[in-house]
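Geometric and topological summary
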Amino acid sequence: MDVTKFGMKFQGKVAIVTASTQGIGFSIAERLGLEGASVVISSRKQQNVDAAAEKLRAKGIEVSAMVCHVSDAQQRKTMISKTIQKYGKIDVVVSNAAVNPSVEPILQTQDSVLDKLWEINVKSTILLLKDAAPYLKKGSCVVLIASVVAYNPPPTMALYGVSKTAVLGLTKALASEMAPNTRVNCVVPGFVPTHFTALFTTNDATREDLEGKTLLGKLGRTQDMAAAVAFLASDDASYITGENLVVAGGVPSRL
Ligand code: NAP
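The structure contained in this document is the topic of the report that follows. Being a predicted model, the structure only gives us computed values, none of them experimental.

1. Regarding the sheet that holds strand S2 (residues 38–43)
- Strand order in the open sheet made by the 7 strands is S3-S2-S1-S4-S5-S6-S7, with parallel pairing throughout. Each end of this open sheet is capped by a strand with a single partner; those strands are strand S3 (63–67) and strand S7 (244–247). Strand-to-strand twist of the sheet, defined as the mean angle between neighbouring strand axes without regard to direction, takes the value 20°.
- Seen against the sheet, helix H2 (residues 46–58) touches S2 and S3 and runs at an angle of roughly 170° to S3.
- Relative to S3, helix H3 (residues 73–87) is tilted by about 160°, and along the sheet it contacts strand S1 (14–17), S2, S3 and strand S4 (90–95).

This is how it looks when you write it as structure tokens:
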């Protein structure tokens, strides 16, 4: 990555990015960090947290790293309190964690799976922001991560898609509730090869099919999603709130 092309838009800022030890979350932490932010990274597994922190520090980024399973109330609270203890404030919260535990049709999905989708993909964001809210002062911002399948959930990702539709709604509702001090926006990724999508993107035929659905003829990169988050979290977007920014290479999404 050519870091010289970035500005230092986040100098002096503190950014929490959940689920940030690999994939899109890692790239978001990396991008905000390269632009000057102190970043707080986390995920479920200590070894992943340690490895990601080491990679970011090797790039000169100021990092705090800790285990935080987003549905664990104590770990969420500890993440917020450690951030405040160390940096004294929170400027940016990026809520990135999600699961996709089922390919079942909606009406055949077990209760436990329904609960998990709600718990990780929607409720944990609400609870994290509840914990962070007292520290989100004027000029702060929140970026949620949805998915382009939120607009028209396909059969194999129906409930996951619906959980992401809820994230689009949550963006609008929280933007209203947290205004005027905190802006709330959402990045809506298309298909990006990561561990999360390995089932689709490592199969040549499926990958080509997905590429063919884009106007740009290619899948996204984690850095493309990070660039959109960095824009929405920056002062360049200071008059933007309640928006869902699709970053999907032209995959049909909405008017
Ligand atoms: P990924 O590469 O599989 O990375 C997932 C990250 O989340 C890892 O760091 C993982 O680390 C952590 N994690 C998983 N469950 C967690 C939990 N319960 N609490 C805290 N951390 C957790 O995934 P990704 O593709 O970057 O996806 C990130 C976000 O982008 C998700 O919201 C996803 O829905 C969205 N998205 C992705 C795509 C795509 O094509 N990739 C498209 C649309 C939307 P540990 O294993 O250590 O917990």
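2. Brief notes about the site of the ligand
- Near the ligand, the surroundings consist of 29 residues, among which Ser43, Arg44, Asn96, Tyr160 and Thr194 are the closest.
- Note that an oxygen atom of the ligand is positioned 2.6 Å from one of the side-chain N or O atoms of Ser43.
- Note that an oxygen atom of the ligand is positioned 3.2 Å from one of the backbone N or O atoms of Lys45.
- Within the complex, the protein chains bury 95% of what would otherwise be the 900 Å² of accessible surface of the ligand.
- Judged by its atoms lying within 2 Å of the grid points, the ligand is housed in the largest pocket.
- Elements with a contribution of two residues or more to the shell around the ligand: helix H1 (23–34) and helix H5 (158–178).
- When grouped by side-chain class, the residues that make up the shell around the ligand number 14 nonpolar, 12 polar and 3 charged.

What counts and what doesn't
- For every chain, the first residue of the written sequence is number 1, and numbering continues from 1 along that sequence.
- Under the rules for a predicted model, residues below a pLDDT of 70 receive no local features and side-chain atom pairs below 80 are neither given nor counted, while totals for whole chains, interfaces and linings still include all residues.
- For side-chain calculations, the full set of non-hydrogen atoms in the structure is used, while hydrogens and water are omitted.
- Two strands form a pair only when DSSP identifies at least two bridges running between them.
- Put simply, DSSP marks the helices as runs of H or I at least four residues long and the strands as runs of E at least two long, and each gets a number from the N terminus on.
- Axis lines are fitted to C-alpha atoms, over the contacting stretch for helices. Their N-to-C directions set the angle, which ranges from 0 to 180 degrees.
- Contacts were defined at the residue level, with two residues in contact if any of their heavy atoms lie within 4.5 Å.
- When we say a residue is near a molecule or strand, we mean one of its heavy atoms is within 4 Å of it.
- Here a polar contact is taken to be a pair of N or O atoms separated by no more than 3.5 Å, where protein atoms must pair a possible hydrogen donor with a possible acceptor and residues adjacent in sequence count only if both atoms sit in side chains.
- Residue exposure ignores everything except the shown protein chains as possible cover, and the areas themselves are Shrake-Rupley values with a 1.4 Å probe.
- Here a cavity denotes grid points, spaced 1 Å and computed from the protein atoms alone, that fit a 1.4 Å probe unable to get out, and a pocket denotes an open set having protein on both sides within 12 Å along at least 5 of 7 lines; residues with an atom within 4 Å of a point are the lining.
- Cavity and pocket membership follows a simple rule, namely that a molecule belongs there if more than half of its atoms are within 2 Å of the grid points.
- Three categories are distinguished: nonpolar for Ala, Val, Leu, Ile, Met, Phe, Trp, Tyr, Cys and Pro, charged for Asp, Glu, Lys and Arg, and polar for the others, with Gly belonging to the last.

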